[in-house]
Amino acid sequence: MTHRVDDMPLPVWLPESGSGPGIVLIQEIFGLDGYLRGIAEKLAALGYVVAVPELFHRFQPGWVGEHDEAGIAKSMEVVGNLDFPLAVQDVVASVEYLRGLPEVTGGVGVLGFCLGGTLAYSAAVASNPDTAVSFYGSGVPDQIGALDQVSCPIQFIFGSEDEFITGYQKVVDAVPSHEGAEIHLEAAGHAFLNHLAPWYDEDAADRAWDQSVKFLARTLPV
């Protein structure tokens, strides 16, 4: 079922029970592809109401990118049009929209991958989700100085062999002094959870996903 927040499409998945806590799931550069739909379904199966804001709606509505070399290049070109502060506002607006839905009982968290991992962190800095999970957000290390503005529990996940995010050690160093923050590292490269992409690492993905499910169970219980 697709809702709308202002002019932005917001597809929503309901758990089998019909209600539960909310999660705003934030896309990679590939849009709402099969991988992200699969993640939405997995979270709904855990009991969450899941919403995916269409972040490219202003300039490339309905964008879905392929995971081959040409598709990655085109997705990078598309994401170059993104107004990042507006995208943060879209995520925050999606959190508030979920909080107003009768199907949402309990809090609302944010969870994102790559681009979405940066946006999940930025939304936690800028607003007040009830929990946040940030998978390998490339913009996180340079923004980690704002961690003291995050008031909710937050989990960071990175691949220690990620050639795109060489500065993750800044996050490792910042987390111990911030109550409610934790970090999980896997010996894997970038986007290792995406089973449609060439960087998929099944063992690392399974371990990291298990860490996130446990974190959500503690911080946003169904």
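Everything that follows concerns the structure shown earlier in this document.
By convention here, each chain's residues receive numbers from 1 onward along its written sequence. Local features in a predicted model are, by the rule used here, given only for residues with pLDDT of at least 70; side-chain atom pairs are given and counted only at 80 or more, and totals for whole chains, interfaces and linings are based on all residues. Side-chain calculation: all heavy atoms of the structure are included, whereas hydrogens and water are not.

Caption draft 1: Broad picture of the overall build of the protein. Scanning the protein from terminus to terminus reveals seven helices and eight strands. For this measure, only C-alpha atoms enter the radius of gyration; the expected value for a globule follows 2.2 Å times N^0.38, where N is the number of residues. In terms of C-alpha radius of gyration, the protein reaches 16 Å, essentially the compact-globule figure of 17 Å for 222 residues. Taken along its principal axes, the extent of the C-alpha atoms in the protein is 40 × 40 × 30 Å. A buried classification covers 56% of the 222 residues belonging to the protein. Pairs at least 24 residues apart make up 67% of the contacts formed inside the protein by residues separated by at least 6 positions. In short, Shrake-Rupley with a 1.4 Å probe defines the accessible areas, and a residue's cover is counted only from the protein chains shown. By element, 49% of the accessible surface of the protein is carried by carbon and sulfur atoms, the whole surface being about 9,400 Å². His residues and chain termini do not enter the charge count, which takes Lys and Arg as positive and Asp and Glu as negative. One atom stands in for each charge, and that atom is NZ of Lys, CZ of Arg, CG of Asp or CD of Glu. Taking the 10 positively charged and 30 negatively charged side chains of the protein as two groups, their mean positions are separated by 3 Å. Only runs of H or I of at least four residues qualify as helices and only runs of E of at least two qualify as strands under DSSP, and these elements are numbered from the N terminus. Each residue is placed in one exposure class: buried if its accessible area under a 1.4 Å probe, protein chains only, is under 20% of its type's maximum, exposed if it is over 50%, and partly exposed if it falls in between. The contact criterion used throughout is that any non-hydrogen atoms of two residues lie within 4.5 Å.

Caption draft 2: Examining the pattern of salt bridges more closely. For this analysis, a salt bridge means a side-chain nitrogen from Lys or Arg found within 4 Å of a carboxyl oxygen belonging to Asp or Glu. The final tally for this structure, using the stated rule, is eight salt bridges. With its nearest N and O atoms 3.3 Å apart, the salt bridge here joins Lys74 to Glu77. Of this pair, Lys74 and Glu77 both sit in helix 2 (residues 69-79), three residues apart, roughly one helical turn. Under the relative-accessibility criterion, Glu77 is labelled exposed at 53%. In this structure, Glu182 engages Arg218 in a salt bridge whose closest nitrogen and oxygen atoms are separated by 2.7 Å. With a gap of 36 residues between them, Glu182 in strand 8 (residues 181-186) and Arg218 in helix 7 (residues 202-219) connect regions that are remote in the sequence.

Caption draft 3: Expanded view of the side chain of Thr118. Within the secondary structure, Thr118 is located in helix 4 (residues 115-126). In the analysis that follows, any N or O atom pair within 3.5 Å is treated as a polar contact, provided that within protein one partner can donate a hydrogen and the other can accept it, and provided that, for residues neighboring in sequence, both atoms belong to side chains. Side-chain polar atoms of Thr118 contact the backbone nitrogen of Gly139, separated by 3.0 Å. If we skip the residues at most four places from it in the chain, Thr118 touches Phe84, Ser134, Gly137, Ser138, Gly139, Val140 and Gln143.

Caption draft 4: Looking closely at the packing of aromatic side chains. When two rings of Phe, Tyr or Trp (its six-membered ring) have centres within 6.5 Å they constitute a pair, described as stacked for plane angles under 30 degrees, edge-to-face for angles over 60, and tilted for the intermediate range. Summed over all chains, the structure comprises eight aromatic pairs. Geometrically, the ring pair formed by Phe113 and Tyr136 is tilted, given 6.4 Å between the ring centres and 45° between the ring planes. Of this pair, Phe113 sits in strand 5 (residues 104-113) while Tyr136 is found in the loop between strand 6 (132-135) and helix 5 (140-143), placing the two residues 23 residues apart along the sequence. In this pair, the class of Phe113 matches that of Tyr136, namely buried. Here a set of aromatic residues connected by ring pairs shows up, and it is made of Tyr35, Phe113, Phe135, Tyr136 and Phe192.

Caption draft 5: Up close: the packing of helix 3 (residues 84-100) against helix 4. For helices, the fitted line uses only the C-alpha atoms of the stretch in contact; every axis is such a line through C-alpha atoms, and the angle between N-to-C directions lies from 0 to 180 degrees. Taken N-terminus to C-terminus, the directions of helix 3 and helix 4 make an angle of 70°; their axes are 9 Å apart at the nearest point. The angle between the axes of helix 3 and helix 4 places the two elements in the roughly perpendicular class. Listed contacts from helix 4 to Phe84, Ala87, Val88, Val91 and Val92 of helix 3 are Leu115, Thr118, Leu119, Ser122, Ala123 and Ala126. Throughout this description, any angle smaller than 35 degrees is read as roughly parallel, any larger than 145 degrees as roughly antiparallel, any in the 65 to 115 degree range as roughly perpendicular, and the remainder as oblique.

Caption draft 6: Quick look at the environment of Gln27. Inspection of the secondary structure assignment puts Gln27 in the loop between strand 3 (20-26) and helix 1 (34-45). Spatially, the C-alpha atoms of Gln27 and Glu54 are 8.1 Å apart, while their sequence positions differ by 27 residues.

Caption draft 7: The arrangement of the pairing of strand 5 in detail. With eight of 10 residues buried, strand 5 lies mostly within the body of the structure. With the strands pointing away from the viewer, any crossover whose connection runs clockwise from the first strand over the helix to the second is right-handed. For the crossover from strand 5 across helix 4 to strand 6, the handedness is right-handed.

Caption draft 8: Main features of the sheet that holds strand 2 (residues 8-13). Any two strands with at least two DSSP bridges between them are considered paired. Read from one edge of the open sheet, eight strands run 1-2-4-3-5-6-7-8, paired in mixed fashion. Both edges of this open sheet fall to strand 1 (2-5) and strand 8, since each of them pairs with a single strand only. In this sheet, adjacent strand axes meet at a mean angle of 20° when their direction is disregarded. Looking at chain direction, strand 3 and strand 5 are connected through six bridges and run parallel. From the neighbouring strand, Gly22 faces strand 5, where its bridge partner is Val108. Against the sheet, helix 1 makes contact with strand 2, strand 3, strand 4 (49-51) and strand 5, and its axis sits at roughly 165° relative to strand 3, the strand it touches most. Taken strand by strand, helix 3 contacts strand 1, strand 2, strand 3, strand 4 and strand 5, and its axis lies near 165° from that of strand 3.

From the geometry alone we can't say anything about function, so treat these as descriptive.
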